[in-house]
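A look at the structure
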Amino acid sequence: MDHQAIEKIEALVHAAQIGNPGTDTPTMLVPKGYELQSLENFQQSPARFRGSFTTSSIEDYAAYVNEEDESRVFVNVDAMSAKAFFDLGNAAEPGHGDHTATLTLEKTSAFVACLNAHESAFGQKELAHWIEDWHHCITGIDSNGQEMTAQKLAAAVRRIEIKATSERVSEDRDWGSSRSGMDALDASAGDSTPDIIRFHCLPYEGLSFRTFDIRVSILADDSKPRLKLRIIGLEAVREEMAKEFKDVLANELDEHSTLLLGAFKKS
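Basis of the calculations
- Residues numbered from 1 in each chain as written.
- Predicted model: local features only at pLDDT ≥ 70, side-chain atom pairs only at ≥ 80, totals over all residues.
- Heavy atoms only, no water.
- Buried < 20%, exposed > 50% of the residue type's maximum accessible area, 1.4 Å probe, protein only.
- Helix = DSSP H or I, 4+ residues; strand = E, 2+ residues; numbered from the N terminus.
- Pairing = 2+ DSSP bridges.
- Axes fitted to C-alpha atoms, helices over the stretch in contact; angles between N-to-C directions.
- Parallel < 35°, antiparallel > 145°, perpendicular 65-115°, else oblique.
- Left-handed = near helix turned anticlockwise from the far one by under 90°.
- Contact = heavy atoms within 4.5 Å.

Judged by how many residues are buried, strand E6 (residues 99-104) sits mostly within the fold: 5 of 6 residues are covered. Pairing geometry for strand E3 (residues 51-55) and E6, over 5 bridges, is parallel. Counterpart to Gly51 in the pairing with E6 is His99. Relative to E6, strand E5 (residues 81-85) is paired through 5 bridges, and the arrangement is antiparallel.

Written as structure tokens, this is what we have:
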């Protein structure tokens, strides 16, 4: 009998002497380096339920979470997401925390278009095309305070003209800017100019429709004007949507769920 065969026999004898290590999941020691091997995959059913459910639908998320007897849901309002744990246990009887459900709201295509326009500068044709592409979401207000349709907005943007005057101007305004001490550039679109674009859309599925007021300013420092858009009070609107997200989620989940602001990470 060679040396390797003798070592294998000795390993089998030692493993038999140790027997079952006594874990909750059936395991046993095998001769190869005495590694701990799980036999769970050979059982008819797993030792415990494990899984991770992910969705962007508040309705489907609530349906899944409400089927469980108990859950702790950690809500991240900055990321517009929530993560539920069903087997965390407590300090006295901790759980593995490997059965979870994660909700991450996705921005609608209209909201993405609105955000992409924020702080962006457009050429006349580019902005007119953008307005026409999203005409079903857009109305506006001109410099005289009159309502404008998307069609009128696009037409007004197309007929903007730049005129140079020899005046001493030291002023920065939405529809004009100083080029030098003697020359100024002014933009005109006829009797009125677009002042506010109102973008109406559903920002996230499950939340309410909102109207985003977008200020229109002109960068008249070249022969061809550039139009810059800026969403008014965007941070305040984000805070309102985050609060609405938490409130909607709280209303969808039943009394078996504990809702907490923040994030949880197993250490």
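Moving on, we come to the packing of helix H2 (residues 58-66) against helix H6 (residues 234-252). Taken N-terminus to C-terminus, the directions of H2 and H6 make an angle of 40 degrees; their axes are 9 Å apart at the nearest point. By the angle between their axes, H2 is oblique relative to H6. For the pair H2 and H6, the sense of crossing is right-handed. In this structure, H2 uses Ile58, Tyr61, Ala62 and Asn66 to contact H6, whose residues at the interface are Phe245, Val248, Leu249 and Glu252.

Our next topic: the sheet that holds strand E7 (residues 120-123). The antiparallel open sheet is built from 6 strands, whose spatial order is E7-E16-E15-E14-E8-E9. Single-partner strands in this sheet number two, and they are E7 and strand E9 (147-149). Pairwise comparison of adjacent strand axes, ignoring direction, gives a mean angle of 30 degrees for this sheet. Where strand E8 (residues 138-142) lies against strand E14 (residues 194-201), 5 bridges are found, and the strand directions are antiparallel. Across the sheet, the residue bridging to Ile138 is Phe199, located in E14. Against the sheet, helix H4 (residues 124-133) engages E7, E8, E14, strand E15 (210-219) and strand E16 (226-231), with an angle of about 105 degrees to E7. Running at roughly 90 degrees to E9, helix H5 (residues 150-158) makes contact with E8, E9, E14 and E16 of the sheet.

Further remarks concern unusual backbone geometry. With phi around 50 degrees, Met80 is a residue other than glycine that occupies positive phi space. Here Met80 shows up in the loop between strand E4 (71-76) and E5. We classify Met80 as buried; its relative accessible area is 5%. Positive phi, close to 60 degrees, is recorded for Glu119, a residue that is not glycine. Mapping Glu119 onto the fold places it in the loop between helix H3 (109-117) and E7.

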